Amino acid sequence: MAPRKLAAGNWKMNGTLASLAEIGRLLADHPAPGCDVLICPPATLLHAMAASAQGKIAIGGQDCHAKTAGAHTGDIAAAQLRDAGASHVILGHSERRTDHAETDAQVAAKSVAAHEAGLVAVICVGETEAQRDAGQTLDVISAQLAGSVPDGATAANTVIAYEPVWAIGTGRTPTSDQIAEVHALMRERLSARFADGADMALLYGGSVKPGNAAEIFAIPHVNGALVGGASLKAEDFGPIIAALSAA
Ligand SMILES: O=C[C@H](O)COP(=O)(O)O
């Protein structure tokens, strides 16, 4: 079974109820996309977006707590995301790893919680610019994969997103060869560790736009994208979905 293609949007801390009109536009323009489509809005919009998506676009959270319930003000449990209509959750995004000092072990624990709640964990890895400049990229990615992806990961419950920190929101992207090098490493590591690691979907994220999507989706082992800014508007995300469908 080949990895499923996934166009994933991360709305980060953007969007209000008025933004749900974008879902209607996406459904109108891409009624039967040739790939899975996922949008991860702020938690405030999960329930309403799930209703708007009519089961045609998957909905996800942007983080979850490792525990199932308790005194954790401001946090959300994986089962609560599922209760609100989510099927996926982004974990270990660099903005969480940096702003909230999340460790690989914490990302792995959250991933286990996500799996136990029946969610697909979209686990993010990526090097900083300093690490790339120091020639450490492959070591960093290997270590993050080993530490962040739990033993129970399968192709059905886990997606890996490679997001170079320096490419996020900057308009800069790695070369195709650089993306290919990291994705080949990830495929090799996952295939060595998991029985169905060859089927685990691997996404690229970081300044994916309508204008560069087709080139990125032609890179071996790139099965889709995790898109930030360009996922907020249907007029941008739609062409990215179309490029992935055609890839
Ligand atoms: O989760 C998405 C990534 O951080 C990419 O964001 P961007 O497409 O705005 O660069």
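- Looking at an unreviewed UniProt entry, the chain carries the name Triosephosphate isomerase, with the source organism given as Paracoccus pantotrophus.
- For the chain, the Subcellular location (unreviewed entry) comment in UniProt is given as "Cytoplasm".
- Under the heading Subunit (unreviewed entry), UniProt records this for the chain: "Homodimer."

### Observations regarding the overall build of the chain
Part 1 of the reasoning: In terms of helices and strands, the chain carries 10 helices and 8 strands.
Part 2 of the reasoning: A compact globule built from 247 residues would reach a C-alpha radius of gyration of about 18 Å, and the chain, at 17 Å, matches this within 12%.
Part 3 of the reasoning: Dimensions of the chain, computed from C-alpha atoms along their principal axes, come out at roughly 45 × 45 × 35 Å.
Part 4 of the reasoning: The burial tally for the chain puts 51% of its 247 residues in the buried class.
Part 5 of the reasoning: Relative to all contacts within the chain whose residues are 6 or more apart in sequence, the contacts with residues 24 or more apart total 72%.
Part 6 of the reasoning: Taken as two groups, the 17 positive and 25 negative side-chain charges of the chain have centres that lie 4 Å from each other.

### Remarks on helix α5 (residues 104–116)
Part 1 of the reasoning: The terminal C-alpha atoms of α5, which comprises 13 residues, lie 18 Å apart, in line with the 18 Å expected from a rise of 1.5 Å per residue.
Part 2 of the reasoning: Every buried residue belonging to α5 is among V107, A108, K110, S111, A113, A114 and H115, and all of these are buried.
Part 3 of the reasoning: Here the buried face of α5 lies against α3 (78–83), β4 (88–91), α4 (94–99), β5 (120–125), α7 (137–148) and β6 (158–162).

### Some words on the nonpolar core
Part 1 of the reasoning: The biggest cluster of nonpolar side chains holds 61 residues, and the ones touching the most others in it are I57, I160, M186, F217 and F237.
Part 2 of the reasoning: At 6 residues, helix α10 (residues 234–246) tops the list of elements feeding residues into this core.
Part 3 of the reasoning: Once residues within four sequence positions are removed from consideration, F237 is found in contact with A7, A8, G9, L26, V37, L38, I39, V227, A230 and S231.
Part 4 of the reasoning: The next biggest cluster of nonpolar side chains, apart from the first, holds 13 residues, and it includes A8, L38, C40 and L226.

### What about the site of the ligand?
Part 1 of the reasoning: Near the ligand lie 13 residues; those nearest to it are K12, H93, G169, S207 and G228.
Part 2 of the reasoning: S207 has a polar backbone atom sitting 2.8 Å from an oxygen atom of the ligand.
Part 3 of the reasoning: At 2.9 Å, a backbone N or O of G228 approaches an oxygen atom of the ligand.
Part 4 of the reasoning: Starting from 300 Å² of accessible surface for the ligand in isolation, the protein chains cover 97%.
Part 5 of the reasoning: Considered class by class, the residues forming the shell around the ligand number 4 nonpolar, 7 polar and 2 charged.

### Section: the UniProt feature "binding site: substrate" (unreviewed entry) in the chain
Part 1 of the reasoning: When the UniProt feature table is mapped onto this chain numbering, "binding site: substrate" (unreviewed entry) sits at N10, W11, K12, G169, S207, G228 and G229. The greatest C-alpha distance among the annotated residues, which extend across 220 residues, is 14.1 Å, indicating that they converge on a single site. Among the annotated residues just listed, those lining the largest pocket are N10 and K12.
Part 2 of the reasoning: Considering the arrangement of structural elements, one finds W11 in the loop between β1 (6–10) and α1 (21–29).
Part 3 of the reasoning: Residue classification places W11 among the buried positions, given a relative accessible area of 1%.
Part 4 of the reasoning: With sequence-adjacent residues up to four places away left out, W11 is seen in contact with S19, E22, I39, C40, P41, P42, L45, M49, Q62, S231 and L232.
Part 5 of the reasoning: Of note, G228 is situated in the loop between β8 (224–227) and α10.
Part 6 of the reasoning: Excluding anything up to four places from it in sequence, G228 contacts N10 and K12.

### Remarks on the sheet that holds strand β7 (residues 201–205)
Part 1 of the reasoning: Around the barrel, which closes on itself, the 8 strands sit in the order β1-β2-β3-β4-β5-β6-β7-β8 with parallel pairing between neighbours. This sheet shows a mean twist of 25 degrees between the axes of neighbouring strands, independent of strand direction.
Part 2 of the reasoning: As paired strands, β1 and strand β2 (residues 36–40) are joined by 5 bridges and run parallel to one another. Residue pairing in the sheet places A7 in a bridge with V37 of β2.

### Brief notes about the packing of α5 against α7
Part 1 of the reasoning: Packing of α5 against α7 brings their axes to within 7 Å, and their N-to-C directions diverge by 45 degrees. Between α5 and α7, the interaxial angle falls into the category oblique. Mapping the contact onto sequence places D104, A105, V107, A108 and S111 in α5 and A143, Q144, G147 and S148 in α7.
Part 2 of the reasoning: The residue makeup of the contact of α5 with α7, split by class, is 4 nonpolar, 4 polar and 1 charged.

Rules of the game
- Residues numbered from 1 in each chain as written.
- Predicted model: local features only at pLDDT ≥ 70, side-chain atom pairs only at ≥ 80, totals over all residues.
- Heavy atoms only, no water.
- UniProt positions renumbered as here; feature names shortened; annotations may be inferred.
- Helix = DSSP H or I, 4+ residues; strand = E, 2+ residues; numbered from the N terminus.
- Rg over C-alpha atoms; globule rule 2.2 N^0.38 Å.
- Buried < 20%, exposed > 50% of the residue type's maximum accessible area, 1.4 Å probe, protein only.
- Contact = heavy atoms within 4.5 Å.
- Lys, Arg positive; Asp, Glu negative; His and termini not counted.
- Charge placed at Lys NZ, Arg CZ, Asp CG, Glu CD.
- Expected span 1.5 Å × (residues − 1).
- Core = buried A, V, L, I, M, F, W, Y, C linked by side-chain atoms within 4.5 Å.
- Near = heavy atom within 4 Å.
- Polar contact = N/O pair within 3.5 Å; in protein donor to acceptor, adjacent residues only side chain to side chain.
- Areas by Shrake-Rupley, 256 points an atom, 1.4 Å probe, with all protein chains shown as cover.
- Nonpolar A, V, L, I, M, F, W, Y, C, P; charged D, E, K, R; others polar.
- 1 Å grid on protein atoms, 1.4 Å probe; cavity = no way out; pocket = protein on both sides within 12 Å on 5 of 7 lines; lining within 4 Å.
- Pairing = 2+ DSSP bridges.
- Axes fitted to C-alpha atoms, helices over the stretch in contact; angles between N-to-C directions.
- Parallel < 35°, antiparallel > 145°, perpendicular 65-115°, else oblique.

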